[in-house]
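Structural description and commentary
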Amino acid sequence: MSAEDNAKKGKGTVFVRMEVCKGCSYCIDFCPTHALDFSKEFNQKGYHFPVLNRAEDCTGCDLCGLFCPDFAIFGARWKDLDEKRQQAASQVEP
Amino acid sequence: MTEATLKADPKGVLTGVHFIDGDHAACEGALAAGCRFVAGYPITPSTEIVERFAARIPKVGGVFIQMEDELAASIAIQGGVWAGHKVMNVTSGPGLSLMMEHLGYAAMTETPCVWVDVQRGGPSTGLPTLPAQADMMQVKWGSHGDYEIIALSPNSPQECFDLMIKAFNLSEEYRCPVFLMMDEVVGHMTERVNIPPADQIEITDRKWTKKKPGEYKAYATTSDDLVPEMVKAGDGYRIHVTGLTHDERGYPAMDVPNQAKLIPRLLNKIRNNTEQLLDVRMDGCDDADVIVMSFGITSRVATAAIEAARAKGLKVGNLRLIICWPFPVKLIQQLAEKVKAFVVPELNMGQMVLEVRRAVEGKVKVISIPHPGGTVHEPETILEQIIEAAR
Amino acid sequence: MSESLDLRLALAETELENPVLPYLRQDRIPHIWCPGCGIGSVVTSFAEAVRRSKLDRDKIAVVSGIGCTGRVAGYVDFDSMHTTHGRAIPVATGLHLANPDLKVVVFSGDGDLTGIGGNHFIHAARRNMNLTVICVNNFTYGMTGGQVTPTTPSGANASTTPYGNYEYPFSLPFLADAAGATYIARWTSLHSRNVTQSIEEALKHKGFSFVEVISPCTTLYLRRNRLGDGVDTLQYYQDNSILKHGADTRETAIDFQGKMLVGKFVERQKPTYLDAVNATCAKLIGDDYQLYGKTPPEKEAEKKAAAKGKKKAAK
Ligand code: SF4
Ligand code: SF4
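Residues numbered from 1 in each chain as written. Chains lettered and ligands numbered in written order. Predicted model: local features only at pLDDT ≥ 70, side-chain atom pairs only at ≥ 80, totals over all residues. Heavy atoms only, no water.

Here we look at the overall build of chain C
Formally: Secondary structure counts use DSSP, requiring at least four H or I residues in a row for a helix and at least two E residues in a row for a strand, with both numbered from the N terminus. Exposed residues in this analysis have more than 50% of their type's maximum accessible area, buried residues have under 20%, and partly exposed residues fall in between, with area computed by a 1.4 Å probe over protein chains only. Note on contacts: a residue pair is in contact if any heavy atoms of the two residues lie within 4.5 Å.
Each helix and strand in chain C was counted, giving twelve helices and eight strands. Each of the 315 residues in chain C was classed as buried or not, and the buried ones make up 61%. Considering only contacts in chain C between residues 6 or more positions apart, those separated by 24 or more positions represent 67%.

Put into structure tokens, the structure is as follows:
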């Protein structure tokens, strides 16, 4: 399995800007499918940040993104992501 | 500085000869200068200005709102400026005291606006219907921190009209609050006011930028022009305006280097132009032994006293400040080389006289003629002091 | 770091950005708010609401006063003014009246909006001024260190009520309703999707629209009252908010750690301040009146309607 297929186990995924996360844990505690955990690593400011440990459970609902007070995470559905990529690709090849 | 000079918009100009009081004339001056938005709050003896504005503006094209208090009025107008309007703030002493924080905001954010203070006796509620000139220091120093303003002082309804236009033009040129320091007598005195045709009234346009969004920095200046260019909300510049110490982009930057850059610029854009901002009327000062310095309504009484003194053979100069702030320090210093004494009558317990003393540095006598307000000086009181000074 | 995480990070950089970021002054992020502070969540909802509303963002201006919420104006990438304490609404009124094409949004905290700025709040609501006011209500003055505000529940501890608050608090929806606001909603920062929807509705509403968002001040209010961390508070919101659209605003008071009504309480139509100005002046001044604040097509339509009316009268 390629890395991408592996990541695509769930319906969606999250994107984390770990450098601006302040570790409040809202995304982790209020994720409806409990797909996130805290990282073992610290970011530069000394906070643990979320990692998608159960990718198969992530639905890409973006509730984490709406809760996050620090604009540090957002979720998206693979379906939408693939569409966006295709669009981007078709724009590149004229 | 290179501001575009325009002609007044005829819609706001009530050309002709009128018999109106200073408050009404001031309102006409504002309309002629292009003021189309006023957020007001009534206070004696200034209220006629906003009443007239409220009555006139629907036909001129603009809007008036009476706010819930002076705090709201003095800052709502500044919102109006950042949406592109020319605005004025009208009040008297007690209201002015409430507005002081927003004087600082206008100075800090470089929001061009005109502030009209129809002075009455104070402190506190004081003498609501009677005159004084006792807010002269308040406008200069009343808001916290260091800042500079410009203040003009009319002595007739005609000057309320003329100087109001000048006040608007200066506020655009220097992007600072400009005061029209009226008083109850000037405000309520009815005289002939000649309003010229619109094409004879010169208007200074706002210092609009020609830069595009992205290139434009809200508070960027050059070494030979300390006044930044302006934009307005809604034009795609996504400006940020804050009363916090800010950098060239207008973003909060609360540190020593930014404070050290911003505050001197706010002061120097006016201080460096004190010469250009010299506006006085001088009569018989060249060979005078005594100079009477006055401003506003007091200058009319002083003139009577000066004429009486001259009739007695005394050499008395008449110096009237049109622009009181910035104070003409250099001019006073030059005159101090030639005269024996200055006499300073004013409707307060001695405010602008402090500036004269500061300028002459003890070289010549400076005689204050204070007055607690409520009426004007008796010419005889001034005459006595002139005679005393000439000895 | 796992391979899949790497991939996602790469994706984030190359193809996609957080949908909120285009609405922020990215050079000013990270912001100053504490970990878990609800203000950032409300900003996210606001950005999302603007995106969905499809309004021209360059015709939206954001105004705030002083305090933690007062900093919003500095972080969002719109025309914005950060004003003096309590005076965001007068500034917004000035912006709006001077250019009625602007949609002006006020972001304000409970102390700023209803303490020092309370007079402006009720009068703008009374006039049905066409503004959107978003209040992040965290029951405390955060920036100055956790003092009591007009919304602090009775009994709650604040740095200036160290023995508990003995005052009666405002219920903001009730206050806004009594003063004349024409759109009123309350949510908590947990109700992100509802907040987003309410802000979108508020942006499109004509008149004074008010959205209150109960939100955690993790550093001061929660700590001082031993209420745990932000997660505990969001959990409290989840367990204790009762959805009741159209609720009588007299029932919206909040007791210390008690139940809270949330929902869209009020939505009604009433002429705005400028509508009233135009209607009155047009009637009394007649043809000399210069309609204020109407877009050219609106003015055209009104002229036509007036001409038709005259013709009919002539017949
Ligand atoms: S909600 Fe945001 S700030 Fe809080 S832990 Fe998650 S990513 Fe970090
Ligand atoms: S003090 Fe309170 S309101 Fe202010 S940023 Fe921190 S958590 Fe937020």
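A short note on the packing of aromatic side chains
Applied cut-off: Stacked, edge-to-face and tilted are the three classes for Phe, Tyr and Trp ring pairs, Trp counted by its six-membered ring, which pair at centre distances within 6.5 Å; planes under 30 degrees apart are stacked, over 60 edge-to-face, the rest tilted. By definition, being over a ring means that NZ of Lys or CZ of Arg is both within 6 Å of the ring centre and within 35 degrees of the ring normal.
Taken as a whole and judged by the stated rule, the model has 13 aromatic pairs over all chains. Seen from their ring centres, Tyr 216 of chain B and Tyr 237 of chain B are 5.3 Å apart, and the 75 degrees between their planes marks the pair as edge-to-face. Placement of Tyr 216 of chain B in the loop between strand 11 (202-204) and strand 12 (240-242) and of Tyr 237 of chain B in the loop between strand 11 and strand 12 is noted, with a sequence separation of 21 residues between them. In this pair, the class of Tyr 216 of chain B matches that of Tyr 237 of chain B, namely buried. An aromatic cluster is present here, built from Tyr 23, Phe 46, Phe 78 and Phe 107 of chain C joined pairwise through their rings. When the ring centre of Trp 325 of chain B is taken as origin, the NZ or CZ atom of Lys 140 of chain B, which lies over that ring, is 5.8 Å away. Here the basic side chain of Arg 57 of chain C rests over the ring of Phe 78 of chain C, its NZ or CZ set 5.3 Å away from the ring centre.

Side note on the domain arrangement of chain C
Interface size is commonly expressed as the accessible area that is lost once the parts come together. Residues and elements named next belong to chain C. Spelled out, the test is: An automatic or database domain assignment provides the domain bounds reported here. Summed over both partners, the accessible area (1.4 Å probe) lost when two parts come together is defined as the buried area. Each reported salt bridge corresponds to a side-chain nitrogen of Lys or Arg within 4 Å of a carboxyl oxygen of Asp or Glu. Polar contact is defined as a pair of N or O atoms within 3.5 Å, subject to the rule that within protein one atom must be able to donate a hydrogen and the other to accept it, and that residues adjacent in sequence are counted only when both atoms are side-chain atoms.
For chain C, the assigned domains are domain 1 (3-270) and domain 2 (274-314). Contacts between the two partners involve six residues from domain 1, matched on the other side by five residues from domain 2. Together, the buried faces of domain 1 and domain 2 total about 410 Å²; carbon and sulfur atoms form 49% of this surface. Of all residues in domain 1, the largest losses of buried area upon contact with domain 2 belong to Leu 97, Pro 100 and Lys 206, amounting jointly to 68% of the total for that side. Joining domain 1 to domain 2, the criterion identifies one salt bridge. Asp 275 serves as the salt-bridge partner of Lys 206, at 3.6 Å between the closest nitrogen and oxygen. On the surface where domain 1 and domain 2 come into contact, there are one residue pair in polar contact (both at pLDDT 80 or more).

Observations regarding the interface of chain C and chain A
Tallying the contact residues gives 42 residues for chain C and 38 residues for chain A. Summed over both sides, the interface of chain C with chain A buries roughly 3300 Å², with 68% coming from carbon and sulfur. Across the contact surface, chain C and chain A share zero salt bridges. Where chain C meets chain A, there are eight residue pairs in polar contact (both at pLDDT 80 or more).

Here's the deal with the site of ligand 1
Residue and element names in this part refer to chain A. Let me state the cut-off plainly: The nearness test applies per residue and asks whether one of its heavy atoms lies within 4 Å of the molecule or strand. A cavity, in this analysis, means grid points on a 1 Å lattice covering only the protein atoms where a 1.4 Å probe fits yet has no way out; a pocket is instead an open set bounded by protein on both sides within 12 Å along at least five of seven lines, and a residue lines either one if it has an atom within 4 Å of a point. Each molecule is assigned to a cavity or pocket provided more than half of its atoms lie within 2 Å of the corresponding grid points. When residues are grouped by polarity, Ala, Val, Leu, Ile, Met, Phe, Trp, Tyr, Cys and Pro land in nonpolar, Asp, Glu, Lys and Arg in charged, and all others, Gly among them, in polar.
Every residue near ligand 1 is listed here: Cys 21, Lys 22, Gly 23, Cys 24, Ser 25, Cys 27, Pro 50, Cys 68, Asp 70, Ala 72 and Ile 73. Of the pockets mapped on this structure, ligand 1 occupies the second largest cavity. Looking at the shell around ligand 1, its residues break down into seven nonpolar, two polar and two charged.

What about the packing of helix 10 (residues 329-336) of chain B against helix 11 (residues 352-360) of chain B?
Residues and elements named next belong to chain B. Here is the rule we go by: Lines fitted to C-alpha atoms define the axes, with helix axes restricted to the stretch in contact, and inter-axis angles between N-to-C directions lie between 0 and 180 degrees. The scheme is simple: roughly parallel for angles under 35 degrees, roughly antiparallel for over 145, roughly perpendicular for 65 to 115, oblique for anything else. Left-handed describes a crossing in which the near helix is turned anticlockwise from the far one by less than a right angle; the clockwise case is right-handed.
It is at 8 Å that the axes of helix 10 and helix 11 come closest, and there the two elements cross at 60 degrees. Judged on the interaxial angle alone, helix 11 and helix 10 are oblique. Crossing angle aside, the handedness with which helix 10 passes helix 11 is right-handed. Along its contact with helix 10, which presents Val 329, Ile 332, Gln 333 and Ala 336, the element helix 11 presents Val 356, Ala 359 and Val 360. Here the residues of the contact of helix 10 with helix 11 are counted per class, giving six nonpolar, one polar and no charged.

Some words on the environment of Val 366 of chain B
Residues and elements named next belong to chain B. Here Val 366 lies in strand 18 (residues 365-369). Residue Val 366 is classed as buried on the basis of its relative accessible area of 13%. Considered as a pair, Val 366 and Glu 110 are 256 residues apart in the sequence and their alpha carbons are 36 Å apart. Excluding residues that lie within four positions of it along the chain, Val 366 makes contacts with Phe 342, Val 344, Val 353, Val 356, Arg 357 and Val 360.

Side note on the pattern of salt bridges
Residues and elements named next belong to chain B. Tallying each qualifying case throughout the model produces 40 salt bridges over all chains. The shortest N-O distance in the salt bridge between Lys 7 and Glu 202 comes to 3.2 Å. One end of the pair, Lys 7, is in strand 1 (residues 5-7); the other, Glu 202, is in strand 11, with 195 residues separating them in the sequence. For Glu 202, a relative accessible area of 46% corresponds to the partly exposed category.

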